[in-house]
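Observations on chain architecture
Each chain, letter by letter, is given below.
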Amino acid sequence: MGNTLLEFKNLVTEFHTEETNIKAVNDVTFSLNKGETIGIVGESGSGKSVTSLSAMRLIPNPPGIISGGEIVFHQKGGIATDLLKISEEKMRKFRGNDIAMIFQEPMTSLNPVFTCGDQVMEAIMLHQKLNKPAAKALTIKLFKEVQLPTPERIFRTYPHQISGGQKQRVMIAMAMSCQPSVLIADEPTTALDVTVQKTILELMQKLQKEREMGIMFITHDLGVIAELADKVVVMYKGKIVEKGNVWDIFSSPQHPYTKGLLACRPPLDKRYSFLPTVSDFMKIDKDGKIIDNGVSVADFTKDLAIPDSDRKTKQEKLFKQEPILKINNLKTYFPLRNGFFGGVTGHVKAVNEVSFDVYPGETLGLVGESGCGKTTIGRTILRLEEPTEGEMIYKGNDIAKMTADELRDFRKEVQIIFQDPYSSLNPRMTIGNAIMEPMQVHKILENDEQRKKKVEELLTRVSLDPAHFYRYPHEFSGGQRQRIGIARALAVKPKFIICDESVSALDVSVQAQVLNLLNELKDEFGLTYIFISHDLSVVKYMSDRMVVMQEGKVEEMGDADQIYNTPATPYTQKLIDAIPEGKLEDIKRHLESKGVKVVG
């Protein structure tokens, strides 16, 4: 693959707290070559991001310290430099100039008080010593390269004025501005729609080919890695548990953790009764040692597929019922004003003449890109946004005409699980009290002692410890916080739950656990779901029927499997084509396009 660019040799990065020392990266060794993409995968806490931050010498000290190993950068001309042994001043010359990084969340990486153009110009002027006019010309050229619309306008805009995908492209332009030898991309597409993700990945591959860069691509999405990487490093709790070329890892994974990660993605060509999780392939003993359950992915999943006949019988029963919710010509418009005190100059038609029914016990999926109106529909149903026109009939009553008392009773029956559980939980309230609060509002049970007991039962049901009652939201992982959100929604014994992007920010293995839990709870409590997501593979797995939305309108609606297999519109086809599936034939095609012969 060419010359070595970056070598990690026995890297150890620790975090020291008052209570303990944590080896976030423990004896990590691998190398990156010119023109090569290495995919680093693992769940949150596996050490993949800490590895990349160690390479950039961006570990906060205290509490972090790089306590062992080497990170050797090979410059042009064969000069090898251990990045851990040079001064901070010398490191600044490498950082951004030779080794650039795209961070996971562009909004936190871009300064909100400077325009996008000024921020890219600053990096160019610092590293390339160009004057302002030359730096501006290069910035606009880079904006064109990363396919930003109207580069001159984007140059003048502030980060909050552009979309997530556009912000990520600004970050890529900044990273590419000094033509680095190594590009580190830390979860650069996690929060993006599949269509935007596909464009960003194609752009990175194009720029890599032109400049022969080495790319370290960090993600928990193995589908993305399959279509992008040449080599894969699988990390678990700070250690590398498996590494090799992408074909070997995907065609015959050896480590049980790798098998679990590969198995827990929702399959697109079949529908499973439940999704496998990492714990189905391995266990951890009392000493923290991994025990292989000795099962292959193929053997474990062979009996999970639901026969089409069973699914058809279930749907016939569903659709014989009277709909629990009828949406008729719903419109939700937001006014555009000229300045803070100015008059209305127009409207954003977030939801525009949308109609559909939801049947008792059904999961109806709403899917589409950001800005298509799917979240606004969910919020409008709950009257968190007021409808502009149309009807929303729940059990014969028009939600839009409900009084405050009627609305309170309605919200007891219809709950929502929000996209970001952390922002929807009060950081000053223990999670036990957060779950108990809606029970107090709706006067469920006679006293707080009975309610506390019920909360502890709910925590157990969502696989959390009842002793967690007195802990605060910041003490939990993303997946645990999502379970808390589910427990809170269940506390008032609802019949209908709107799941708004409730698994989009989770690792693929945690996502599988939460999706399994939602399906179990649906059967156990007789729930009806509206499941909102930009991830079509997740929506297809969860839903009986699917509504595809674009720009506030319904693009297509029908049976979820049928829409996936025979999409009726080019837009739906575009969404499906953008899903990174990680099929072996796709990996083979990707490798052979780079001149790599695949055997098998």
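Residues numbered from 1 in each chain as written. Predicted model: local features only at pLDDT ≥ 70, side-chain atom pairs only at ≥ 80, totals over all residues. Heavy atoms only, no water.

**Re the packing of helix α18 (residues 478-490) against helix α19 (residues 508-525)**
This is how the line gets drawn: Each axis is a line fitted through C-alpha atoms, taken for helices only over the stretch in contact, and angles between the N-to-C directions span 0 to 180 degrees. Under the DSSP-based scheme used, a helix requires at least four consecutive residues in state H or I and a strand at least two consecutive residues in state E, with every element numbered from the N terminus. Angular relationships are summarised with four words: roughly parallel below 35 degrees, roughly antiparallel beyond 145, roughly perpendicular across 65 to 115, and oblique for the angles in between. With the far helix as reference, a near helix turned anticlockwise by less than a right angle produces a left-handed crossing, and one turned clockwise produces a right-handed crossing. A contact between two residues is defined here by any heavy atoms of the two lying within 4.5 Å.
Contact geometry of α18 with α19 gives a least axis separation of 10 Å together with a crossing angle of 15°. When the axis of α18 is compared with that of α19, the two are roughly parallel. Crossing of α18 over α19 shows right-handed handedness. Along its contact with α18, which presents Gly-479, Gln-482, Arg-483, Ile-486 and Leu-490, the element α19 presents Val-510, Gln-513, Val-514, Leu-517, Leu-518, Leu-521 and Phe-525.

**Focus: the environment of Thr-199**
Under the convention used in this document: With a 1.4 Å probe rolled over the protein chains alone, any residue whose accessible area is under 20% of its type maximum counts as buried; one over 50% counts as exposed, and the rest are partly exposed. The definition of a polar contact used here is a pair of N or O atoms within 3.5 Å, where within protein one atom must be able to donate a hydrogen and the other to accept one, and adjacent residues in sequence count solely through side-chain atom pairs.
By secondary structure assignment, the location of Thr-199 is in helix α8 (residues 194-211). Since its relative accessible area comes to 26%, Thr-199 is described here as partly exposed. Considering only alpha carbons, one finds Thr-199 and Arg-169, 30 residues apart in sequence, at a separation of 9.9 Å. Those residues in contact with Thr-199, other than ones at most four positions away along the chain, are Gln-147 and Arg-169. Within the structure, Thr-199 has its side chain in polar contact with the backbone oxygen of Thr-195 (distance 3.0 Å).

**Brief notes about the packing of aromatic side chains**
Each aromatic ring pair is summarised here by two numbers: the centre-to-centre distance and the angle between the ring planes. Condition: Working definition: a ring pair exists when centres of Phe, Tyr or Trp rings (six-membered ring for Trp) sit within 6.5 Å. Plane angles under 30 degrees give stacked, over 60 give edge-to-face, the rest tilted.
The final tally for this structure, using the stated rule, is 9 aromatic pairs. Ring plane angle 20° and centroid distance 4.5 Å describe the contact between Phe-8 and Phe-30, whose orientation is recorded as stacked. Taken together, the residues Phe-8 in strand β1 (residues 4-16) and Phe-30 in strand β2 (residues 21-33) connect sequence positions 22 residues apart. Across this residue pair, the class does not change: Phe-8 and Phe-30 are buried. Feature note: the residues Phe-274, Phe-281 and Phe-300 constitute an aromatic cluster, connected by ring pairs.

**Things to note about the sheet that holds β2**
Here is the rule we go by: Pairing between two strands requires that DSSP report at least two bridges joining them.
Pairing is antiparallel across the open sheet formed by 4 strands, whose spatial order is β2-β1-β4-β5. Because the sheet does not close on itself, it has two edges, and the strands there are β2 and β5 (80-82). Across the sheet, the axes of successive neighbouring strands diverge by a mean angle of 5°, strand direction being ignored. Pairing between β1 and strand β4 (residues 64-74): 8 bridges, direction antiparallel. Looking across to β4, one finds that Glu-7 is bridged to Val-72. Packed onto the sheet, helix α1 (residues 48-55) meets β1, β2 and β4 and runs at close to 110° relative to β1.

**Looking at unusual backbone geometry**
Of the consecutive residues Asn-61 and Pro-62, the connecting peptide bond is found in the cis state with omega at -5°. In this structure, Pro-62 sits in the loop between α1 and β4. With an omega of 10°, the peptide bond running from Pro-62 to Pro-63 counts as cis. Inspection of the secondary structure assignment puts Pro-63 in the loop between α1 and β4. Even without a glycine there, the phi angle at Glu-212 is positive, about 55°. By secondary structure assignment, the location of Glu-212 is in the loop between α8 and β8 (214-219). Assessed through its relative accessible area of 49%, Glu-212 is described here as partly exposed.

**Some remarks on helix α17 (residues 448-461)**
Keep this limit in mind: Given a helix with a known number of residues, its expected span is that number minus one, times 1.5 Å. The directions from the helix axis to the C-beta atoms form the arc being described.
Taking 1.5 Å per residue as the helical rise, α17 with its 14 residues ought to reach 20 Å, and the 19 Å between its terminal C-alpha atoms agrees with that figure. The set of residues buried in α17 consists of Arg-451, Val-455, Leu-458 and Leu-459. Relative to the axis of α17, the buried residues are bounded by an arc of 100° and lie together on one face. The exposed residues of α17 that point more than 90 degrees off its buried face are Glu-449 and Lys-453. Residues of α17 that are buried sit in contact with α16 (431-441) and α18. At the N-terminal boundary of α17, the capping side chain belongs to Asn-447, with an oxygen 3.2 Å from the backbone nitrogen of Glu-449.

**Considering the pattern of salt bridges**
In a structure, side chains of opposite charge can pair up when their charged atoms sit close to one another. Keep this limit in mind: When a carboxyl oxygen of Asp or Glu lies within 4 Å of a side-chain nitrogen of Lys or Arg, that pair is called a salt bridge.
Under the defined criterion, the tally for this structure stands at 32 salt bridges. For Lys-141, the salt bridge identified is with Glu-145, shortest N-O distance 3.5 Å. Taken as a pair, Lys-141 and Glu-145 lie in helix α5 (residues 132-145) at a separation of 4 residues, close to a single helical turn. Notably, a salt bridge pairs Lys-583 with Glu-581, separated by 3.2 Å at the nearest N-O pair. Salt bridges linked by common partners bring Arg-271, Arg-311, Lys-540, Asp-559 and Asp-561 together as one network.

**Brief notes about the confidence of the model for the protein chain**
Our working rule: pLDDT: the predictor's confidence for each residue, scored from 0 to 100.
Per-residue confidence for the protein chain gives a mean pLDDT of 89, with 98% of residues at or over 70. Of all secondary-structure elements in the protein chain, the lowest mean pLDDT belongs to helix α3 (residues 106-109), at 74, while strand β16 (residues 389-394) reaches the highest, 96.

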